[in-house]
Amino acid sequence: MNNNVYEKIKKAVNIERLILGLLIGVFLFIIFFQNEGESRLIILPFLICAIANFLELLFLNFQKDKLAKIFNYVFKISFFTFVIGFLGFLIYYAIVHKEYPFLIIIFLFIIIGYLMLKDKIFKRKK
């Protein structure tokens, strides 16, 4: 009985997340095609993450775990690429505009990100 209730709640939450993901994806898709040039580059990583997240949830609902795992990796790679690109742009901006104290803040974020991800990137063998 208790396990059955848990499964129903889990399915309801997944359907809610699917609907929300679809709405966000459609919203970003519309914004992407209403803009031109460099504005699209700003929206593109969010659109890729939204599509990957939606497809991951969709395949999880259909118990297609391998496909869901692939889209989970697509999400992680696109998000990681976005963060690296964003931090790279901030470093470039700080150097060009001679905002050197801003570099300290950027490097603090890089260190915090590294500390958060080091166990996932560099797995230790025991």
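See above for the structure.
These notes cover the structure that comes with them. (Residues numbered from 1 in each chain as written. Predicted model: local features only at pLDDT ≥ 70, side-chain atom pairs only at ≥ 80, totals over all residues. Heavy atoms only, no water.)

So, about the overall build of the protein chain. Across its full length, the protein chain carries 4 helices and 0 strands. When the helices and strands of the protein chain are read in sequence order from the N terminus, they spell out α-α-α-α. For the protein chain, whose C-alpha radius of gyration is 19 Å, the value lies well above the compact-globule estimate of 14 Å for 126 residues. Principal-axis analysis of the C-alpha atoms gives the protein chain an extent of 65 × 50 × 25 Å. Accessible surface for the protein chain amounts to roughly 10600 Å². Of this, 71% is attributable to carbon and sulfur atoms. Of the charged side chains in the protein chain, 16 are positive and 8 negative, and the gap between their average positions amounts to 12 Å. (Helix = DSSP H or I, 4+ residues; strand = E, 2+ residues; numbered from the N terminus. Rg over C-alpha atoms; globule rule 2.2 N^0.38 Å. Areas by Shrake-Rupley, 256 points an atom, 1.4 Å probe, with all protein chains shown as cover. Lys, Arg positive; Asp, Glu negative; His and termini not counted. Charge placed at Lys NZ, Arg CZ, Asp CG, Glu CD.)

Turning our attention to the packing of helix 2 (residues 38-61) against helix 3 (residues 65-96). The contact between helix 2 and helix 3 brings their axes to 8 Å, and the two run at 160°. Here helix 2 is positioned roughly antiparallel relative to helix 3, judged by the angle of their axes. Helix-helix and strand crossings are classified by hand; for helix 2 and helix 3 the assignment is left-handed. Residue-level inspection shows Pro 45, Phe 46, Ile 48, Cys 49, Ala 52, Asn 53, Leu 55, Glu 56, Phe 59 and Leu 60 of helix 2 in contact with helix 3, the latter providing Asp 65, Leu 67, Ala 68, Phe 71, Asn 72, Val 74, Phe 75, Ser 78, Phe 79 and Phe 82. The class makeup of the residues in the contact of helix 2 with helix 3 is 15 nonpolar, 3 polar and 2 charged. (Axes fitted to C-alpha atoms, helices over the stretch in contact; angles between N-to-C directions. Parallel < 35°, antiparallel > 145°, perpendicular 65-115°, else oblique. Left-handed = near helix turned anticlockwise from the far one by under 90°. Contact = heavy atoms within 4.5 Å. Nonpolar A, V, L, I, M, F, W, Y, C, P; charged D, E, K, R; others polar.)

What is shown is where atoms sit, not what they do.
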